[in-house]
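Observations on chain architecture
Residue-level listing of the chains:
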Amino acid sequence: MAIPIPDCRDIVSRALAEDIGSGDITSQFTIPLDLISIAVIVAKEKGIVCGLPIVEEVFRQIDPTLKLQFFLAEGAQIAPGDRLCEISGFAQSILSGERVALNFLQRLSGISTKTNRYVELISGCKARIIDTRKTTPGLRILEKYAVRVGGGYNHRFGLYDALMIKDNHILACGSITKAVELALSQAPHVMTVTVECDNLDQVREAVEAGADMVLLDNMSLSELEQAMLLVDGNAGTEASGGVNESTVREIALTGVDVISVGAITHSVPSLDISLDFSSV
């Protein structure tokens, strides 16, 4: 579950360049260059904290002389008033990194918190909560990491690491059977083939064609139950579409293997977390 910091350094660098540009002129104009301060990052609402290693990387890139002390571990449950981190060093440096550090921390903690909520809602079921490719461009590696911190699992990272035959592939090929045949004839033996199915006839065809996984897209509970009977253990099953906090447990109780939830990355609110000077 460790965050791949080497892969994230460029993301942090670009975020800092975007925010600071040619310089933090407000801090430069109002704060003495040699002023030493202590700042504390504090939780303002309940959740699962995620992104502390990124906070450390932000301030490392801003000023390697800054000292950070973390009071909680990555993935910990947090509540309003919890102190997450103390930062000591030059006040200008702390302020220059504040917004970028909080943007990452708030966003990733929001994802891990929402994911954990879905995981708790299907407790006791065999299904796993997984993410989708509906992520913020350029931030996928971080957002999928946050899903794992929240107790979820990752779907494919991109178009390059898994075969998923969707409606437009089927239309272009002419049929599910033809699309699966072409995929299986060229795919490495370790790679699975998933077929997105909109109805029960497609489920039947996908299983008969030899698909490893069927994605049951926007199906009602009744359709999901019928689809599970059709699959009968001959392929893995993924439920997708129409998944929210009110429906996820009923979906899980149909016996599907995984439930993909785009909302845990594409529309999750950031967690309320602040940075305040405690001494100057």
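Reading the values: the criteria
- Residues numbered from 1 in each chain as written.
- Predicted model: local features only at pLDDT ≥ 70, side-chain atom pairs only at ≥ 80, totals over all residues.
- Heavy atoms only, no water.
- Helix = DSSP H or I, 4+ residues; strand = E, 2+ residues; numbered from the N terminus.
- Buried < 20%, exposed > 50% of the residue type's maximum accessible area, 1.4 Å probe, protein only.
- Polar contact = N/O pair within 3.5 Å; in protein donor to acceptor, adjacent residues only side chain to side chain.
- Contact = heavy atoms within 4.5 Å.
- Pairing = 2+ DSSP bridges.
- Axes fitted to C-alpha atoms, helices over the stretch in contact; angles between N-to-C directions.
- Disulfide = S-S within 2.5 Å.
- Expected span 1.5 Å × (residues − 1).
- Bend = angle between axes of the 7 residues up to and from the residue.
- Phe/Tyr/Trp six-rings, centres within 6.5 Å; stacked < 30°, edge-to-face > 60°.
- Lys NZ or Arg CZ within 6 Å of the ring centre and 35° of its normal.
- Right-handed = clockwise from strand over helix to strand, strands pointing away.

Re the side chain of histidine 155
Locating histidine 155 in the fold gives a position in the loop between helix H5 (140-149) and strand S7 (163-165). Judged by its relative accessible area of 19%, histidine 155 is buried. At 3.0 Å, the side chain of histidine 155 forms a polar contact with the side chain of glutamate 238. Once residues within four sequence positions are removed from consideration, histidine 155 is found in contact with Ile130, Asp131, Lys144, Met164, Glu238 and Ser260.

A few points about the sheet that holds strand S10 (residues 236-240)
Taken in spatial order, the six strands line up as S6-S11-S10-S9-S8-S7 in an open sheet, and their pairing is parallel. A strand with exactly one partner marks an edge of an open sheet, and here the two such strands are strand S6 (128-130) and S7. Between one strand and the next, the sheet's axes are offset by a mean angle of 25°, whatever the strand orientation. Here S7 runs beside strand S8 (residues 193-197); their pairing, made up of three bridges, is parallel. Within S8, the position partnered with leucine 163 by the bridge is valine 193. Packing against the sheet, helix H8 (residues 200-209) makes contact with S8 and strand S9 (213-217), and its axis sits at approximately 165° to S8.

Quick notes on the state of the cysteines
Summed over all chains, the structure comprises zero disulfides. With no disulfide of its own, cysteine 8 has cysteine 50 as its nearest cysteine by sulfur position, at a separation of 10 Å.

Section: the environment of asparagine 234
Here asparagine 234 lies in the loop between helix H9 (221-231) and S10. For the pair formed by asparagine 234 and glutamate 208, sequence separation is 26 residues and the distance between their alpha carbons is 9.1 Å. With near-sequence residues (within four places) excluded, asparagine 234 lies in contact with Val207 and Ala211.

Observations concerning the side chain of serine 112
By secondary structure assignment, the location of serine 112 is in helix H4 (residues 91-121). Side-chain polar atoms of serine 112 contact the backbone oxygen of isoleucine 48, separated by 2.7 Å.

Thoughts on H4
For H4, which comprises 31 residues, the first-to-last C-alpha distance of 43 Å matches the rise-based estimate of 45 Å (1.5 Å per residue) to within 8%. At glutamate 98, H4 is deflected by roughly 40°, the largest bend along its length. The buried fraction of H4 amounts to 22 of the 31 residues, a majority that puts the element mostly inside the structure.

Here's the deal with the packing of aromatic side chains
Taken as a whole and assessed by the stated rule, the structure comprises zero aromatic pairs. A cation sits over an aromatic face here: arginine 128 above tyrosine 153, 3.9 Å from the ring centre. The side chain of lysine 144 reaches across the aromatic face of phenylalanine 157, ending 5.2 Å from its centre.

Topic: the pairing of S10
Put simply, side chains in a regular strand alternate between the two faces of the sheet. Most of S10 is tucked away: five of the five residues are buried. Of the two faces of S10, both are covered, the one formed by Gly236, Glu238 and Ser240 as well as the one formed by Thr237 and Ala239. Looking at chain direction, S9 and S10 are connected through five bridges and run parallel. Bridge pairing in S10 links aspartate 217 to serine 240. Crossover connection from S9 via H9 to parallel S10: handedness right-handed. Here S10 runs beside strand S11 (residues 258-260); their pairing, made up of three bridges, is parallel. Within S11, the residue paired with serine 240 across the bridge is serine 260.

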